[in-house]
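Now for the letters of each chain:
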Amino acid sequence: MNETSMETEKGRSEPNSSRTTIIVVAVIAALAIGGLFYLLMRQTSSVSSPQPRLAAALRPGMPEFDKYRAQVVLDEPEAEQAHSMLGGLTMTLQTTVRNFTGRTITGLEMRAAVLDHQSQPVKERTFVVIPTRQPELEPNKTLVVPIKLEGMKEEDDRANIKMEVTGLTLK
């Protein structure tokens, strides 16, 4: 073999090896960045934000609340579950609220919970339904209320669901 053919072979193999190195480094960098984003998203979804509260509402234990709460009828809640993009489980609890108070409901705060076999909450969320979803609920009218609960695991003990009124304001 002469020197010219050896240089040609050497010249051809160097670009291939540097191209392979660049591709490997790019793949490793992409995986590292993707892993970092995944961890940041998991941390963000697991940080619990403060539960919203309905200002100046009638609350459990108040005599007026107990009186009107009996006249705000909730249908038996139903649940749907789905897997989230980050690998967790999301459940949407839904019920129909019926206003038999004879007054317009101007504020409604509800709690949704997934319970384990000991009736302890696996995941719960309080949500201000009125005036957030709609401005008010007239007497003898109904409102469908879905509340989404995110961040559960497939292996969590999910035995029951519960939805309840936790705050109420009336006109």
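Please refer to the structure higher up on the page.
Residues numbered from 1 in each chain as written. Predicted model: local features only at pLDDT ≥ 70, side-chain atom pairs only at ≥ 80, totals over all residues. Heavy atoms only, no water.

1. Examining the side chain of Thr95
Spelled out, the test is: Elements are defined by DSSP. Helices are runs of H or I of four residues or more, strands are runs of E of two residues or more, and each kind is numbered from the N terminus. For the purposes of these results, a polar contact is taken to be a pair of N or O atoms within 3.5 Å, where, inside protein, one atom must be able to donate a hydrogen and its partner to accept one; residues adjacent in sequence count only when each atom of the pair is a side-chain atom. Contacts: residue pairs with any heavy atoms within 4.5 Å of one another.
One can find Thr95 in strand β3 (residues 89–99). Polar side-chain contacts of Thr95 include one of 2.6 Å to the backbone oxygen of Asp75. Those residues in contact with Thr95 that lie beyond four places of it in its chain are Leu74, Asp75, Glu76, Pro77, Met110, Leu143, Val144, Val145 and Met163.

2. Concerning the environment of Ile161
Looking at the secondary structure, you find Ile161 in strand β7 (residues 160–170). Linking Ile161 and Glu124, residues 37 residues apart in sequence, is a C-alpha distance of 9.7 Å.

3. What about the nonpolar core?
Note the threshold: To form a nonpolar core, buried Ala, Val, Leu, Ile, Met, Phe, Trp, Tyr and Cys residues must be joined to one another through side-chain atoms within 4.5 Å. For the exposure calls, accessible area comes from a 1.4 Å probe over protein chains only, and a residue counts as buried if that area is under 20% of its type's maximum, exposed if over 50%, partly exposed in between.
Counting 28 residues, the largest nonpolar core has Leu108 and Met110 as its most contacted members. Elements with a minimum of two residues in this core: α2 (63–69), β1 (72–74), β3, β4 (105–115), β5 (121–130), β6 (142–152) and β7. With near-sequence residues (within four places) excluded, Leu108 lies in contact with Leu54, Val97, Phe127, Val128, Val129, Ile130, Val165, Gly167 and Leu168.

4. Points about the environment of Lys153
Mapping Lys153 onto the fold places it in the loop between β6 and β7. Separated by 64 residues in sequence, Lys153 and Leu89 place their C-alpha atoms 5.6 Å apart. In contact with Lys153, other than residues within four places in its own chain, are Leu89 and Arg158.

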